[in-house]
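Residues per chain are reported as follows:
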Amino acid sequence: MAIAFDELRILLIEPSDVQRKVITQHLNQAGIQHTRGASTIAEAKEEILRWQPDIVTSAMYFEDGTAHELIQFINRNDLHDTLHFMLVSSEHRADQLEQFKQAGIIAILPKPFTPGQLQRAITATMDLMEPEPLTLELYDIEDLRVLIVDDSLTSRHVLRRVFENLGVEIFVEAENGQQAIDILEEHQFDLIVTDFNMPEMNGRELTQYIRNSSAHAHTPVLMVTARANEPQLANVKQSGVDALTDKPFEPAAIRGLISRLLDQQ
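None of these values were measured; they are calculated from a predicted model.

**What about the overall build of the protein?**
And step 1. The number of helices and strands found in the protein is nine helices and 12 strands.
And step 2. Taken over C-alpha atoms, the radius of gyration comes to 19 Å for the protein, in line with the 18 Å a tight globule of 265 residues would show.
And step 3. Seen through its C-alpha atoms, the protein measures out along the principal axes to roughly 60 × 40 × 30 Å.
And step 4. Across the protein, contacts joining residues at least 24 apart in sequence account for 69% of those joining residues at least 6 apart.
And step 5. Element-wise, carbon and sulfur atoms account for 46% of the exposed surface of the protein, whose accessible area totals about 12400 Å².
And step 6. Between the averaged position of the 22 positive side-chain charges in the protein and that of its 41 negative side-chain charges there is a distance of 5 Å.

**Some details on the pairing of strand β3 (residues 55–58)**
And step 1. Burial of β3 is two-sided: the residues I55 and T57 facing one way and the residues V56 and S58 facing the other way are all buried.
And step 2. Relative to β3, strand β1 (residues 9–13) runs parallel, the two sharing four bridges. What sits directly across from I10, in β3, is I55.
And step 3. Note: β3 against strand β6 (residues 84–89), four bridges, orientation parallel. For V56, the partnering residue across the bridge sits in β6 and is F85.

**Considering the nonpolar core**
And step 1. Within the largest apolar cluster, 45 residues are counted, with the highest numbers of intra-cluster contacts made by M86, I122, F163 and L222.
And step 2. Ranked by the residues each element gives to this core, the list is headed by helix α5 (residues 115–129), at six residues.
And step 3. Apart from residues lying up to four places away in sequence, L222 is in contact with I192, V193, T194, A243, L244, T245, I254, L257, I258 and L261.
And step 4. Membership of the second largest hydrophobic core comes to 24 residues, among which are I41, W51, V56 and A59.

**Let's talk about unusual backbone geometry**
And step 1. In this chain, K111 is followed by P112 through a cis amide linkage whose omega measures -5°.
And step 2. Within the secondary structure, P112 sits in the loop between β7 (107–110) and α5.
And step 3. The residue after K247, namely P248, is reached through a cis peptide bond having omega -5°.
And step 4. On the secondary structure map, P248 appears in the loop between β12 (243–246) and α9 (251–263).
And step 5. Not every positive phi belongs to a glycine, and Q52 is a case in point at roughly 50°.
And step 6. With a phi close to 70°, E200 is a non-glycine residue in the positive phi region.
And step 7. If you trace the backbone, E200 turns up in the loop between β10 (191–194) and α8 (203–211).
And step 8. Accessibility expressed as a relative area gives 69% for E200, which makes it exposed.

About the cut-offs
Residues numbered from 1 in each chain as written. Predicted model: local features only at pLDDT ≥ 70, side-chain atom pairs only at ≥ 80, totals over all residues. Heavy atoms only, no water. Helix = DSSP H or I, 4+ residues; strand = E, 2+ residues; numbered from the N terminus. Rg over C-alpha atoms; globule rule 2.2 N^0.38 Å. Contact = heavy atoms within 4.5 Å. Areas by Shrake-Rupley, 256 points an atom, 1.4 Å probe, with all protein chains shown as cover. Lys, Arg positive; Asp, Glu negative; His and termini not counted. Charge placed at Lys NZ, Arg CZ, Asp CG, Glu CD. Buried < 20%, exposed > 50% of the residue type's maximum accessible area, 1.4 Å probe, protein only. Pairing = 2+ DSSP bridges. Core = buried A, V, L, I, M, F, W, Y, C linked by side-chain atoms within 4.5 Å.

Right, here's the structure in full:
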């Protein structure tokens, strides 16, 4: 059974008192009553350890640091299993946002955001928190073999969490395309999930290798990337990618893609 909105605890980190009040009102209207606020990185770190919220909703820039430092703090303290990060920012530069997308955050909300955007982001968080086994016609989900390829440890962790909630039990992880090829030379998989931008060998090059391999040519490939909407990826499916989705992704979207990719064979 899914966690109710009114059971969620959200820490709102925002330097502006006015903005904190506005966002808190939006959260209350969405049915969330358990909220606390912080105006600096230092305050936020103390509150995270003291209160242990379910979700951190944070602006990007503060006088004493950036939201990226908070993500690193969460990871250093091994809180990424229970704490989910949502960025609220007016920043639109792709290079500034990519580091957050790669860090495995659950959502990026623009300033100002709509109640619908907030509700959607919270729903995505709840999907990450609650297991909901997926039923497939052609596979037993617990026997599904999944290879996850991403140079970001946090991104691999989030992807694995999504698949575990679907009922998947068999995983192998690789940090880049070349490492994935070494694994593919020894093992077979039912699904390969890969990032695009990786060192040594990117996701497109890995996919081309897979499609040219007699042993893996028909294995479905799902690309999950922080750059899914950029022009250079417009023709990425020509390399053999079966589906493409953006970071941060919604678990419900991944669920739908997996059903389509595996039950169409």
